[in-house]
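Summary of the model geometry
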Amino acid sequence: MKLRFTKMHGLGNDFVVIDATHAPVELTPPRVRAIADRHFGVGCDQLLVVEPASQPGVDFRYRIFNADGGEVEQCGNGARCFVRFVHDKGLSGKREIRVETRSGVIAPRLREDGLVTVDMGVPELAPARIPFLSDSDAVVQPLPVGEVTVAITAVSMGNPHAVQVVADVDAAPVAEQGALIERHQRFPARVNAGFMQVLEPHRVRLRVFERGAGETLACGTGACAAVVAGMLRGLLESPVRVETRGGELEIAWAGPDTPVLMTGPAVSVFEGEMELE
Ligand SMILES: N[C@H](CCC[C@H](N)C(=O)O)C(=O)O
């Protein structure tokens, strides 16, 4: 089958975006992996599939697949690229689009300045709903990882995150420790592992070893989770500028039981076609 796609990125977190609003696209995990492969396919961190809404009051549905083929609940950089894609393709005349994801409805808004603001919803902190196997709901919890024990804060933005504070993100063992945390037994759905360096109360640097994709240049839900973790630890004050390797996001949060607002860019790079088994 011939697959038409748009290649996009949010701060270097890159996506293959497929328009399935007129005809369904059958995506199996092997097909997702084939598309995401950076040598034998197009290459991307995640695959985004835009579909017609399946419920009233919503404009579209969009599905998110990691490069390893697994379908996941939420993607912050992807949500920004989604609304840019829908606008640029003329799929909607609106600039604020209500879209259904596996973790609920969000409404990314394409601003006049080209940046996108997304209400990413209320962070989930209850371990059972992250999910994080723990008999405590303390903000900071010890997690044995290999030969060391790290102090993490577990947060869900619809998808699970384990955030730790480090002195220097450039020196942090992201590849080795991130891989161990991603598959840690206490995260039964696996987890995105964040490494945050606090520069000042309104500014951090962040690296994320993503579930199902490895380290990415930026992670939108990871930035939201890091700011929530930092504020709960008393280290940060809203709004926070999150410096990732791919560029900057602005994250605002008014505290527990309120939504996290994320603002950042979304870029289309090229259109393409790929023969798919
Ligand atoms: N790897 C994530 C999904 C993509 C999230 C990330 N790309 C973002 O911008 O939020 C997970 O398995 O939960």
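Our subject is the structure listed above.
Scope of this entry: the structure provided in the associated data block. These figures come from a predicted structure and were not determined experimentally.

What counts, and at which threshold
Numbering of residues starts from 1 in every chain and runs along the sequence as written. Selection of residues for local features in this predicted model requires a pLDDT of at least 70, selection of side-chain atom pairs for listing and counting requires 80 or more, and totals for whole chains, interfaces and linings are taken over all residues. The basis for every side-chain value is the complete set of non-hydrogen atoms in the structure, without hydrogens or water. Helical segments are the DSSP runs of H or I of at least four residues, strand segments are the runs of E of at least two, and each set is numbered from the N terminus. Radius of gyration: over C-alpha atoms. The globule rule applied is 2.2 Å multiplied by the number of residues raised to the 0.38 power. For each residue, the accessible area found with a 1.4 Å probe, counting protein chains only, is set against the maximum for its type, and the residue is called buried under 20%, exposed over 50%, and partly exposed in between. Here a residue-residue contact requires only that any non-hydrogen atoms of the pair lie within 4.5 Å. In this analysis a 1.4 Å probe is tested at points of a 1 Å grid over the protein atoms alone, and where it fits but cannot get out there is a cavity; an open set with protein on both sides within 12 Å along at least five of seven lines is a pocket; lining residues have an atom within 4 Å of a point. Grid points are joined across faces, edges and corners, and a volume is the space filled by probe spheres set on the points. Side-chain classes are defined by residue name, with Ala, Val, Leu, Ile, Met, Phe, Trp, Tyr, Cys and Pro counting as nonpolar, Asp, Glu, Lys and Arg as charged, and the others, Gly among them, as polar. An expected span of 1.5 Å times one less than the residue number is assigned to each helix.

1. Digging into the overall build of the protein chain
Across its full length, the protein chain carries four helices and 19 strands. Scaling as 2.2 N^0.38, a compact globule of 277 residues should have a C-alpha radius of gyration of about 19 Å, and the protein chain matches this with 18 Å. Put simply, the protein chain has 277 residues, and 52% of those count as buried. When contacts within the protein chain are restricted to residue pairs at least 6 apart in sequence, those whose partners lie at least 24 apart make up 62%.

2. Considering empty space enclosed by the protein
The tally for this structure, following the rule as stated, stands at two cavities of 30 Å³ or more. The calculated volume of the largest cavity comes to roughly 100 Å³. In terms of lining residues, the largest cavity is bounded by 15 residues, among which Gln46, Asn66, Gln74, Asn159 and Glu210 are the most central. Listed by contribution, the elements that provide at least two residues to the lining of the largest cavity are strand 4 (60-66) and helix 4 (220-232). For the lining of the largest cavity, the class distribution of residues is four nonpolar, nine polar and two charged.

3. Digging into helix 4
Between its terminal C-alpha atoms helix 4 stretches 19 Å, which fits the 18 Å expected from 13 residues at 1.5 Å a residue. Buried within helix 4 are the following residues: Gly220, Thr221, Gly222, Ala223, Cys224, Ala225, Ala226, Val227, Val228, Ala229, Gly230 and Met231. Just downstream of helix 4, glycine 234 is the residue with a positive phi angle, here 80°.

Everything listed is a geometric property; what it means functionally is a separate question.
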